[in-house]
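Coordinate inspection notes
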There are 2 protein chains.
Amino acid sequence: MKPKIEDVAKLAGVSPTTVSRVLNNRGYISNETRDKVQKAMNELNYFPNDVARTLFNKRSNLIGLILPTTSNPFFGELTFHLENICASLGYKVLLCNSLNQIDKEEKYLEMLLRNQVDGIIVGTHNRGILDYHKQGLAVVAIDRYLSETIPVVSSDNYEGGKMATDLLIEDGCKCIALIDGVGELETPARLRRKAYVDLMEEYGRAPIIYEIPEVFDKKSQQDVISRLFHECPEVDGVFATNDIFAASFINEATSRGKNVPGDVKVVGYDGTETAQILLPQLTTIKQPIELIAKTAIDILLKEIEREFTDFPLETRLPVKLSKGTSA
Amino acid sequence: MKPKIEDVAKLAGVSPTTVSRVLNNRGYISNETRDKVQKAMNELNYFPNDVARTLFNKRSNLIGLILPTTSNPFFGELTFHLENICASLGYKVLLCNSLNQIDKEEKYLEMLLRNQVDGIIVGTHNRGILDYHKQGLAVVAIDRYLSETIPVVSSDNYEGGKMATDLLIEDGCKCIALIDGVGELETPARLRRKAYVDLMEEYGRAPIIYEIPEVFDKKSQQDVISRLFHECPEVDGVFATNDIFAASFINEATSRGKNVPGDVKVVGYDGTETAQILLPQLTTIKQPIELIAKTAIDILLKEIEREFTDFPLETRLPVKLSKGTSA
DNA sequence: CTGAAAGCGCTTACAG
DNA sequence: CTGAAAGCGCTTACAG
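Along every chain, residues carry numbers that run from 1 in the direction the sequence is written. Key to labels: chains lettered from A, ligands numbered from 1, both in the order written. Selection of residues for local features in this predicted model requires a pLDDT of at least 70, selection of side-chain atom pairs for listing and counting requires 80 or more, and totals for whole chains, interfaces and linings are taken over all residues. Each side-chain value is worked out from all heavy atoms of the structure, with water and hydrogens disregarded.

1. Focus on the sheet that holds strand E8 (residues 237-240) of chain B
All names here are of chain B. To keep things clear, this is the line we draw: Here, strands pair whenever DSSP counts at least two bridges between them. The numbering of helices and of strands both runs from the N terminus, where a helix is a DSSP run of H or I of at least 4 residues and a strand a run of E of at least 2. The convention used is that axes are lines fitted to C-alpha atoms, helices contributing only their stretch in contact, and that angles between N-to-C directions extend from 0 to 180 degrees. Throughout, a contact is declared for two residues whenever any of their heavy atoms are within 4.5 Å.
Here six strands make up an open sheet; going across it, the order is E7-E6-E8-E9-E10-E12 and the pairing mixed. Either end of the sheet is taken by a strand with one partner, and the two such strands are strand E7 (208-212) and strand E12 (320-322). Ignoring which end each strand starts from, the neighbouring axes of this sheet average 20° apart. Most of the contacts of helix H9 (residues 190-202) go to strand E6 (residues 176-181), to which it runs at about 160°, and overall it touches E6, E7, E8 and strand E9 (265-270). Against the sheet, helix H10 (residues 218-231) contacts E6 and E7, and its axis sits at roughly 160° relative to E7.

Have a look at this one:
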């Protein structure tokens, strides 16, 4: 069996209390005793049981991460950064891919609570979170408004939407469409659309909006884009609110014999590493993914430490235009 | 504070033992008592503390996942499937992005052990795993040989490498180069290279191999590919052992005014959803990612349950040629 | 059908 | 400077 503190104590000829003290570097211990204990730990190849520690300390150092899916490059990269920063701070990450399905999200939430996570980072619209947050659970949302008291971290979506639309207008596009997810929720990402609509109206044009119902379903994307071509054959500019949509559009356009950017210009959103390598010609609005991760964790840790001093309820991080050839 | 079993017991007017029994559905309980307890649990909004359970049961239902990075679409998708299958079976996933760095891998391994994971799925070359596996830790490797006794799950790399090379030869390429990661380790993925080398020799040609030292570093990729063009301007066929390398090559080729597939044909490896959407023109060898995940978990659970009956030490899952226009 | 007691592996007052 | 005792929240023999 795995050695426990008692085994170490016996071998070193001291009490478990003493072993615990050298483990945690707490209280006074003579160097001689410390050495004895260290030697015993090495000999037995002893590692403390963090489950027992958690039970006593009421501190798991565990962070729950709920997001749609790491298959999506934006969330894949966000997950990488979140986890890596957590690890560097001594936190561990329990991963939950909810695919935005409410029932899954609720199960995951319960699972995280049972496992005594210290805090949760949410990238999905999990309303259940709300109740637990009120009961003192530390929560940070990424690109989601969950409640008045849950801090939100996001890229500057409005500015990004504005940059994208502006670029298409300046490029001389006459008929600019938006490809977006469906809009049940009031998310910050919805500001990308708002910027588009505002700008179109400012220029006296009617917004043309296409919504993709199942964001993570290829078929669903193709259907909507086909419809777009069917209903708006004169489209010559597209702002897609993420790079996957942009790529789907470009594929469909190309297979219809349209040239990008000759016949139709395209701007995406996200600017993940993956998209930049696989589709470098895409002009897109680049989110500061690592900075988003860093900021979210920063705020979450303040909540966990109950430093309700002055962390911001909403943080908008700057975006950058990444110029390719598609617009 | 969070309610505990004792609070439920008091409210229901029974003993903690009884509450535990209804929680676990063990032993006989009268329906009347069960109802009383259920009601008390609802009223208090009680959830069992899994940390305490784990401590007693010596079973955490936690699976550790060590891989290079979820930023890479192959691992992002693999992670999604692994986690989702785990969740459906009542297991939870502790995520570790090691970036293939040995020191990180060792720290992660120790962390997982301290947290009493029931098993580990490894997609990196963590030699340390070896020792712990011998001490009874359940381990499954994906695309890695870690020891004689650690089961490996992978796609049929040799067959995939053969398909890719064959295709280029049949397409009439005269000068076919391989772009691969560096080859310190004897991994199954190395069979992709072996198939290429074997086939080239069979056709009486000299293998041309370019190795990318830092797989997850863009700069490193570009340097090697530039060198390839410099040293082999006559290259007219490339087998890249993953889609990211393939994309980098295509970008570099295009920016040098070469046409793909006109001047040079390219075949990749992996065939992730992401790459298929962002770079649909890429001809590639598609790994059955979900099946790999399912198989790995299957085997891991058998190890955990100590069903050392007959799980295979090596599983090679079939690949498929995904025909784009790049070759 | 139900409960009192002991224990999972640790830590922290409290004594000495 | 070190140790005995109690307790973190649960579960499981063992009685009754």
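That covers the picture; the talk isn't over yet.
2. Thoughts on the state of the cysteines
Basically, it comes down to this: Any two cysteine sulfur atoms within 2.5 Å of one another count as a disulfide. Accessible area is worked out with a 1.4 Å probe on protein chains only. A residue is then buried under 20% of its type maximum, exposed over 50%, and partly exposed in between.
By the definition in use, this model includes zero disulfides over all chains. The cysteine B:Cys86 is free of any disulfide, with A:Cys96 supplying the nearest cysteine sulfur at 12 Å. Exposure remark for B:Cys86: the relative accessible area of 3% places this residue in the buried category. Here B:Cys175 is not cross-linked by a disulfide; its sulfur's nearest cysteine counterpart is in B:Cys232, at 5.2 Å. Using a relative accessible area of 10% as the deciding quantity, one classes B:Cys175 as buried.

3. Section: the nonpolar core
So the rule is basically this: Side-chain atoms within 4.5 Å are what join buried Ala, Val, Leu, Ile, Met, Phe, Trp, Tyr and Cys residues into a set we call a nonpolar core.
Membership of the largest hydrophobic core comes to 90 residues, with the highest contact counts inside it found for A:Ile179, A:Phe249, B:Ile179 and B:Phe249. When residues no more than four places from it in sequence are discounted, the contact partners of B:Phe249 are B:Ile179, B:Ile225, B:Leu228, B:Phe229, B:Val238, B:Val264 and B:Val266. Of all hydrophobic cores here, the second largest spans 56 residues; its members include A:Leu67, A:Tyr91, A:Ile297 and B:Ile63.

4. What to know about the protein's contact with DNA strand D
The criterion, for reference: Near is defined per residue: the residue qualifies when any heavy atom it owns lies within 4 Å of the molecule or strand. Polar contact is defined as a pair of N or O atoms within 3.5 Å, subject to the rule that within protein one atom must be able to donate a hydrogen and the other to accept it, and that residues adjacent in sequence are counted only when both atoms are side-chain atoms. Nonpolar residues are Ala, Val, Leu, Ile, Met, Phe, Trp, Tyr, Cys and Pro. Charged residues are Asp, Glu, Lys and Arg, and all others, Gly as well, are polar.
Neighbouring DNA strand D are 25 residues, the closest being A:Thr18, A:Thr33, A:Lys58, B:Ile5 and B:Tyr46. Backbone sugar and phosphate groups make up 65% of those atoms of DNA strand D lying within 4 Å of the protein. Contact between DNA strand D and A:Ser30: a phosphate oxygen at 3.0 Å from a main-chain N or O atom of the residue. Between DNA strand D and A:Lys58, the relevant distance is 2.5 Å, taken from a phosphate oxygen to a side-chain nitrogen or oxygen of the residue. Within the residue set of the surface near DNA strand D, elements represented by two or more residues are helix H2 (16-24) and helix H4 (50-57) of chain A together with helix H2 (16-24) and helix H4 (50-57) of chain B. Classifying every residue of the surface near DNA strand D by side-chain character gives ten nonpolar, ten polar and five charged.

5. Some words on the environment of B:Gly136
Relative to the helices and strands, B:Gly136 resides in the loop between helix H7 (129-134) and strand E4 (138-142). Placed 127 residues apart in sequence, B:Gly136 and B:Asp263 show a C-alpha to C-alpha distance of 54 Å.

6. A closer look at the packing of H2(A) against helix H3 (residues 31-44) of chain A
Residues and elements named next belong to chain A. To keep it simple, the criterion reads: Between 65 and 115 degrees an angle is taken as roughly perpendicular, under 35 as roughly parallel, over 145 as roughly antiparallel, and anywhere else as oblique.
Direction vectors running N to C along H2 and H3 enclose 90°, while the axes themselves pass 10 Å from each other. In terms of axis orientation, H2 runs roughly perpendicular to H3. The segment H2 lies against H3, with Thr18, Val19, Val22 and Leu23 engaging Thr33, Arg34, Val37, Gln38 and Met41. A per-class count over the contact of H2 with H3 returns five nonpolar, three polar and one charged.

7. Considerations on the interface of chain B and chain A
Stated precisely, the cut-off is as follows: Two parts placed together each lose some accessible area under a 1.4 Å probe, and the buried area is that loss summed for both. When a carboxyl oxygen of Asp or Glu is within 4 Å of a side-chain nitrogen of Lys or Arg, the pair counts as a salt bridge.
Listed by partner, the interface residues are 52 residues for chain B and 52 residues for chain A. Interface area, chain B with chain A, both sides summed: about 4,700 Å², of which 59% is carbon and sulfur. Contact with chain A buries area across many residues of chain B, yet B:Arg114, B:Ile277 and B:Leu278 alone supply 15% of it, more than any other trio. For the interface between chain B and chain A, the tally reads one salt bridge. Between B:Asp50 and A:Arg114 there is a salt bridge, and its shortest N-O distance comes to 4.0 Å. At the level of elements, H4, helix H5 (73-88), strand E2 (92-97), helix H6 (102-114), helix H11 (243-255) and helix H12 (273-278) of chain B are the ones that each hand at least two residues to the side of chain B that touches chain A. Looking at the side of chain B that touches chain A element by element, the count peaks at eight residues for H5(B). Across the side of chain B that touches chain A, the residue classes tally to 24 nonpolar, 16 polar and twelve charged.

8. A few points about the relation of the copies chain B and chain A
To keep things clear, this is the line we draw: Fitting of the copies onto one another was done by least squares over C-alpha atoms, counting residues only where both copies have pLDDT of at least 70.
Superposition record for chain B on chain A: RMSD 0.0 Å, screw rotation 180°, translation along axis 0.0 Å. Viewed as a symmetry operation, the transformation between the two copies matches a two-fold axis. If distances are taken from each C-alpha of chain B to the rotation axis, the shortest is found for B:Leu94, at 2.4 Å. A shared binding surface is used by both copies, with 100% of the interface residues of chain B retained as interface residues in chain A.

9. What to know about the packing of H5(B) against helix H13 (residues 289-304) of chain B
Residues and elements named next belong to chain B. The following threshold applies: If you view the pair so one helix is near and one far, a crossing is left-handed when the near helix is turned anticlockwise from the far one by less than a right angle, and right-handed when it is turned clockwise.
Contact geometry of H5 with H13 gives a least axis separation of 9 Å together with a crossing angle of 45°. The orientation of H5 relative to H13 falls into the category oblique. Where H5 crosses over H13, the handedness of that crossing is right-handed. For the pair H5 and H13, the contacting residues are Phe74, Glu77, Leu78, His81, Leu82, Ile85 and Cys86 in the first and Ile289, Glu290, Ile292, Ala293, Lys294 and Ile297 in the second.

10. Focus on the protein's contact with DNA strand C
As a matter of local geometry, DNA strand C sits amid 25 residues, with A:Ile5, A:Tyr46, B:Thr18, B:Thr33 and B:Lys58 nearest to it. If you look at DNA strand C and keep only atoms within 4 Å of the protein, 65% of those are sugar or phosphate atoms. One nitrogen or oxygen atom from the side chain of A:Lys4 is found 2.7 Å from a phosphate oxygen belonging to DNA strand C. Taking A:Arg26, its side chain carries an N or O atom lying 3.1 Å from a phosphate oxygen of DNA strand C. Broken down by secondary-structure element, the contributors of at least two residues to the surface near DNA strand C are H2 and H4 of chain A together with H2 and H4 of chain B. Looking at which element gives the most residues to the surface near DNA strand C, the answer is H4(A), with four residues. Its residues placed into classes, the surface near DNA strand C shows ten nonpolar, ten polar and five charged.

The values are spatial; any link to function lies outside them.
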